[in-house]
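Remarks on the overall topology
Spelled out, the chains give:
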Amino acid sequence: MAVAIAATVQGTWPPRVLVSVTGLTVGDAIELHRVVDGQRSLVRAGAVAAVTDTSFLRNDAELPFGRPVAYVAVVNGSSEYTTVAATYQLPGGRVAISDAISGAAAEVWILSGVDPSYERRASVFAVGGRSVVVSGDWGMYSGDLEVITETTAGRDTLHALLAQATEGVVQVRQPGGYDGVDAYLAVLGAGERRLSPRSGTDPRRIITLRVVQVEGWAPALEARGTTLQDIATVYDVPGPVLNANPYIEATATGWTALGGTVARSTSQAHEGAASLLLTPDGVSATVQARAENLPATVGVLYQGSAWVRCAVARTLQISIIWRDAASAIVGTSPGPLVAVAAGTWTYLEVLASAPAGATQAMLAPASLGGTPPVGHTTHIDEAVLRRAPLPLSELAADYPTLLAIAQAEFA
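Residues numbered from 1 in each chain as written. Predicted model: local features only at pLDDT ≥ 70, side-chain atom pairs only at ≥ 80, totals over all residues. Heavy atoms only, no water.

A look at the pairing of strand β4 (residues 39-48)
Sheet topology places strand β3 (residues 30-36) next to β4; six bridges connect them, and they run antiparallel. When the bridges of β4 are listed, E31 appears paired with A47. Hairpin geometry of β3 and β4 is characterised by an intervening segment of two residues between the two adjacent antiparallel strands and by a positive phi of about 55° at D37. (Pairing = 2+ DSSP bridges. Helix = DSSP H or I, 4+ residues; strand = E, 2+ residues; numbered from the N terminus.)

Okay, structure coming up:
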């Protein structure tokens with residue numbers, strides 16, 4: 001049987017690649033390398049002096065995103081087998097902070113990269129009126145990394161990752177990769193503050209991480225094969241759509257507007273034949289499309305999402321508005337402010353937990369601020385409110401769910 005090598009991207013976030021080498025002879029020596037920009041790096045736990053099986057598999061959970069990556073297996077020090085280079089993307093457009101060993105990860109925005117500070121370990125002695133310095137090597141950098149989490153669940157996931165990180169080390173990666181930002185970091189401490197200091201309902205947080213650059217985990221540690229993310233991806237799907245008319249195919253029933261009007265339109269559609277057209281009145285400071293009020297449960301995580309297309313380039317925002325039993329607003333959970341190009345469909349998403357006192361949730365798939373003119377018309381499609389998938393930080397402690405999954409899988 002001929003030796004063959006294959007690389008298969010796994011259905012996890014952040015993506016990992018399962019690299020398999022088959023057709024080996026028991027006792028073969030093997031080295032498995034990742035190749036980026038012509039440079040080889042040994043895949044974690046990728047060197048074995050004598051394999052005990054005819055197949056050799058390793059998960060690469062540390063690959064860069066947005067750059068061509070190939071894998072090379074060197075068998076018995078001479079024969080080489082190579083995959084075709086492929087470019088792997090990091091979905092979501094945000095930054096991944098991850099632990100390759102455990103498979104845990106958190107999704108964040110970077111507010112401020114590390115301003116590196118370098119120090120040399122040294123001792124200074126005053127000898128005969130002179131200073132004598134006994135010094136060591138120039139160290140790697142240290143500093144502060146500021147990141148933003150958008151939801152309470154996202155913040156909890158990041159804190160859980162930092163508290164349990166293997167050897168206290170995490171890896172920072174983002175789409176395309178950036179020198180000075182993508183790195184292995186030992187996290188020495190963390191501070192937290194609200195992104196909106198005067199808003200008690202805004203779940204967004206700025207987390208300041210005190211970090212030191214390191215070389216990564218011990219080489220002998222192997223990336224785990226099956227993680228909680230694997231389980232969540234396969235079994236923990238989003239809940240059913242809650243709002244009655246998310247696709248606006250037949251009518252605009254259930255939709256209202258603040259500071260303008262809404263109507264069904266067939267001039268644009270992201271899917272199907274129609275969408276919701278939001279037209280500003282030209283005098284209101286804020287213009288919103290709004291779905292109907294829906295029952296909500298305090299503490300439950302909800303996901304709002306929509307595709308939007310504006311006639312002009314501007315910023316838009318998706319939100320969930322929370323109301324009490326008397327329909328009074330008790331809070332608003334805004335998504336990120338997104339710059340939308342003119343005439344381009346753009347995906348918006350917000351994740352938020354229903355706050356105390358909330359019994360109803362209203363999806364506002366598009367909010368336009370700054371007193372938008374009448375010409376800033378916006379089409380909205382696939383505007384969905386649903387219960388979000390269970391966060392990994394909760395799934396990790398939900399032993400009944402994990403047990404039920406295992407029993408169903410192996411019964």
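Structural notes on the sheet that holds strand β18 (residues 260-265)
On the basis of which strands lie adjacent, the open sheet formed by five strands has the order β18-β19-β28-β22-β26 and antiparallel pairing. Two strands close off the open sheet at either side, each with one partner strand: β18 and β26 (346-353). On average, each strand axis in the sheet is inclined to that of its neighbour by 30°, with strand direction left out of account. (Axes fitted to C-alpha atoms, helices over the stretch in contact; angles between N-to-C directions.)

With respect to the nonpolar core
As a rule of thumb, soluble globular proteins bury nonpolar side chains together. Residues Y302, V308, I320, W322, I380 and L385 are the most contacted members of the largest nonpolar core, which totals 30 residues. Elements with a contribution of two residues or more to this core: β19 (275-280), β20 (287-290), β22 (301-310), β23 (314-323), β26, β27 (360-368) and β28 (378-387). Core analysis: the next-biggest nonpolar cluster, separate from the first, contains 23 residues, V19, V21, L63 and A73 among them. (Core = buried A, V, L, I, M, F, W, Y, C linked by side-chain atoms within 4.5 Å. Buried < 20%, exposed > 50% of the residue type's maximum accessible area, 1.4 Å probe, protein only.)

Digging into the confidence of the model for the protein
A residue-level look at the protein finds 90% of positions with pLDDT of 70 or above and a mean pLDDT of 88. Per-element confidence in the protein is highest for β19, whose mean pLDDT is 98, and lowest for helix α3 (residues 392-395), whose mean pLDDT is 53. (pLDDT = per-residue confidence, 0-100.)

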